[in-house]
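Summary of structural features
Next come the chains, spelled out residue by residue.
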Amino acid sequence: MADRSDDLRAIRPMLELFDHGYDLVAGSRYMAGGEQIGGPWLKGKLSRTAGLSLHLIGLPIHDPTNSFKLYRTARLRELSIESGRGFEINLEIMSKGLRAGWRIGEVPSRWIDRTTGSSNFKLWRWLPRYLKWYGHAAASLLKRQTYNDK
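Residues numbered from 1 in each chain as written. Predicted model: local features only at pLDDT ≥ 70, side-chain atom pairs only at ≥ 80, totals over all residues. Heavy atoms only, no water.

A few words now on the side chain of Arg-75. Looking at the secondary structure, you find Arg-75 in helix H3 (residues 73-77). Judged by its relative accessible area of 19%, Arg-75 falls in the buried class. Those residues in contact with Arg-75, other than ones at most four positions away along the chain, are Asp-23, Ala-100, Gly-101 and Trp-102. (Helix = DSSP H or I, 4+ residues; strand = E, 2+ residues; numbered from the N terminus. Buried < 20%, exposed > 50% of the residue type's maximum accessible area, 1.4 Å probe, protein only. Contact = heavy atoms within 4.5 Å.)

Counting through the fold element by element, Gly-38 comes out in the loop between strand S2 (35-37) and helix H2 (41-56). Apart from the residues lying within four places of it in its own chain, the contact partners of Gly-38 are Trp-111 and Asp-113.

In this section: the packing of aromatic side chains. Enumeration over the complete set of coordinates arrives at 0 aromatic pairs. The ring of Tyr-22 has Arg-103 lying over it, and the distance from NZ or CZ to the ring centre is 4.1 Å. (Phe/Tyr/Trp six-rings, centres within 6.5 Å; stacked < 30°, edge-to-face > 60°. Lys NZ or Arg CZ within 6 Å of the ring centre and 35° of its normal.)

Backbone hydrogen bonds hold the strands of a sheet together, and the pairing may be parallel or antiparallel. Spatial ordering of the open sheet is given by S3-S1-S4, a layout of 3 strands whose pairing is mixed. If you trace the sheet from one side to the other, it starts and ends with strand S3 (69-71) and strand S4 (104-108), each paired once. Ignoring which end each strand starts from, the neighbouring axes of this sheet average 15° apart. Two strands pair when backbone bridges link them, and strand S1 (residues 24-28) and S4 are joined in this way by 5 bridges, in the parallel orientation. Among the inter-strand pairings, Gly-27 is bridged to a residue of S4, identified as Val-107. (Pairing = 2+ DSSP bridges. Axes fitted to C-alpha atoms, helices over the stretch in contact; angles between N-to-C directions.)

On to helix H4 (residues 89-99). Along H4, 9 of the 11 residues are buried, which leaves the element largely enclosed by surrounding structure. Along H4, the residues classified as buried are Asn-90, Leu-91, Glu-92, Ile-93, Met-94, Ser-95, Lys-96, Gly-97 and Leu-98. Of the residues flanking the end of H4, it is Gly-101, one or two places downstream, whose phi is positive at about 85°.

A few words now on the side chain of Thr-65. Within the secondary structure, Thr-65 sits in the loop between H2 and S3. The exposure class of Thr-65 is buried, given its relative accessible area of 10%. Here the side chain of Thr-65 touches Arg-29 through a polar contact of 3.3 Å, side chain to side chain. Beyond its immediate sequence surroundings of up to four residues, Thr-65 is in contact with Arg-29, Ser-47, Asn-90, Leu-91 and Tyr-130. (Polar contact = N/O pair within 3.5 Å; in protein donor to acceptor, adjacent residues only side chain to side chain.)

Our next topic: the nonpolar core. In terms of nonpolar packing, the biggest core is built from 19 residues, with Leu-24, Leu-54, Leu-59, Ile-61, Met-94, Trp-102 and Ile-104 touching the most fellow members. Mapped by element, the contributors of at least two residues to this core are S1, H4 and helix H5 (123-149). Among the elements that take part in this core, H5 stands out by supplying 6 residues, more than any other. If you look at the next biggest cluster of nonpolar residues, it comprises 7 residues, including Ala-10, Met-14, Tyr-22 and Phe-68. (Core = buried A, V, L, I, M, F, W, Y, C linked by side-chain atoms within 4.5 Å.)

In this model, H2 (16 residues) spans 22 Å end to end at C-alpha, consistent with the 22 Å of a helix rising 1.5 Å per residue. Those residues of H2 lying buried are Gly-44, Ser-47, Ala-50, Gly-51 and Leu-54. Projection of H2 onto a plane perpendicular to its axis shows the buried side chains occupying an angular sector of 135°, all on one side. Residues Trp-41, Thr-49 and Leu-56 are exposed on H2 and point more than 90 degrees away from its buried face. (Expected span 1.5 Å × (residues − 1). Arc of directions from axis to C-beta.)

What follows covers a nonpolar patch on the surface. Taken together, the side chains of Trp-41, Leu-42, Leu-46 and Trp-124 define a hydrophobic patch exposed on the protein surface, amounting to about 500 Å² of accessible area. Sort the elements by how many residues they give to the nonpolar patch and H2 lands first, with 3 residues. Looking at where Leu-42 falls in the secondary structure, it is placed in helix H2. In this structure Leu-42 comes out as partly exposed when scored by relative accessible area, which is 34%. (Patch = residues over 30% accessible without salt bridge, like charges linked within 9 Å, V, L, I, M, F, W, Y side chains within 5 Å. Areas by Shrake-Rupley, 256 points an atom, 1.4 Å probe, with all protein chains shown as cover. Salt bridge = Lys/Arg side-chain N within 4 Å of Asp/Glu carboxyl O.)

In structure tokens, the structure reads:
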């Protein structure tokens, strides 16, 4: 995000997972050891609920909406990205990576709301696009569960 809200101490453990073959490594505010300080209450609750609900049905990370991620360039180039107008790209890439069989991992990270400037995140404008990719991820996870149950 380049707004200095993410604690850069998470980069070293993120790189360690990346060096072990992960295609996407997310900094997670919502796993054990992670933390979110400040930010709009509703935005935080929606983000946490989205992550927890996807995790409960099989997503290997707790915080798919976080922008603090590492991506393997070659894998990213395999995707056709549709998002062009906002933060929903985080869910799109994670969802499409999941469907493509990427190895996805996370490390705990700390996020502190900015003290200067203002966010470009507009919840009500971007919520429908978030929901599209949330549904895409949920469908992929449920399809995988059904396939594995057979």
